Amino acid sequence: EAQVTQNPRYLITVTGKKLTVTCSQNMNHEYMSWYRQDPGLGLRQIYYSMNVEVTDKGDVPEGYKVSRKEKRNFPLILESPSPNQTSLYFCASSLQRFSYNEQFFGPGTRLTVL
Amino acid sequence: GQQVMQIPQYQHVQEGEDFTTYCNSSTTLSNIQWYKQRPGGHPVFLIQLVKSGEVKKQKRLTFQFGEAKKNSSLHITATQTTDVGTYFCQNDMRFGAGTRLTVKP
């Protein structure tokens, strides 16, 4: 089944404790991205990757890191989480960024930083 | 990518009423996509519009792309409770703020 998986689905942590949210897709998509969703703000892009070893900042990259060592995986790293990073996070993938760019989303990770 | 502005933020309708959400941009858009997110779920792709003046239909849903390619709309005819959720437009991987639709049976 074609899908995007994220782990964990739920996470409660404390300020400053490094964490990683994993994302994996099995569709051989080149483009992957991370979004955070906050009430009234819609989905805001954090980072994206056009292909392996190619990553770039989205609209709200501060406090986050990513890597793309393999095509299928795109982990999101919070080196020192803060309470303002409490949010719902979605990973998404698509065949390419341009042309037909239907995005497939993972189920989401709800993060709470105390 | 261009920022798209989406209105209204919320819409509450009686089942059977129509619903429309709008996306607007100050600049010309190359294309626009629409997504639906059910409560507690993740965004799911509905459709992509590319051509000026394009109109596409999916059952009770009608999607339009403006002649100037600066605006788009999603119209639902005779809403049902299954239509509940938040509808987002997207351009170049950037999303509008979404319109949350609730339907009273």
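Computed from a predicted structure; not experimentally measured.

So, how was this worked out
Residues numbered from 1 in each chain as written. Chains lettered and ligands numbered in written order. Predicted model: local features only at pLDDT ≥ 70, side-chain atom pairs only at ≥ 80, totals over all residues. Heavy atoms only, no water. 1 Å grid on protein atoms, 1.4 Å probe; cavity = no way out; pocket = protein on both sides within 12 Å on 5 of 7 lines; lining within 4 Å. Points joined across faces, edges and corners; volume = space filled by probe spheres on them. Helix = DSSP H or I, 4+ residues; strand = E, 2+ residues; numbered from the N terminus. Nonpolar A, V, L, I, M, F, W, Y, C, P; charged D, E, K, R; others polar. Contact = heavy atoms within 4.5 Å. Buried area = accessible area lost by both parts, 1.4 Å probe. Salt bridge = Lys/Arg side-chain N within 4 Å of Asp/Glu carboxyl O. Polar contact = N/O pair within 3.5 Å; in protein donor to acceptor, adjacent residues only side chain to side chain.

Draft legend 1. Spatial organisation of the layout of surface pockets. In this structure, the largest pocket occupies an estimated 710 Å³ of space. Lining the largest pocket are 34 residues; nearest its centre among them are A:Gln37, A:Pro39, B:Gln37, B:Thr86 and B:Arg100. Put simply, the parts of the chain that give the lining of the largest pocket at least two residues each are strand E4 (31-38), strand E9 (87-94) and strand E11 (109-113) of chain A together with strand E9 (85-91) and strand E11 (99-104) of chain B. Per-element tally for the lining of the largest pocket: the top contributor is E11(B), with four residues. Considering only residue class, the lining of the largest pocket consists of 13 nonpolar, 16 polar and five charged. In this structure, the second largest pocket encloses a volume near 220 Å³. Lining the second largest pocket are 16 residues, with A:Ala2, A:Gln3, A:Phe104, A:Phe105 and B:His42 sitting closest to its centre.

Draft legend 2. Up close: the interface of chain B and chain A. Every contact between the two is made by 18 residues of chain B and, on the other side, 22 residues of chain A. Each partner contributes to the roughly 1,600 Å² buried at the junction of chain B and chain A, and carbon and sulfur atoms together form 50% of this total. At the boundary of chain B and chain A, one finds one salt bridge. Between chain B and chain A we count five residue pairs in polar contact (both at pLDDT 80 or more) in total. Residue assignment for the side of chain B that touches chain A shows that the elements contributing at least two residues are strand E4 (32-37), strand E5 (44-49), E9 and strand E10 (94-95) of chain B. It is E4(B) that contributes the most residues to the side of chain B that touches chain A, three residues altogether. The residue makeup of the side of chain B that touches chain A, split by class, is seven nonpolar, nine polar and two charged.

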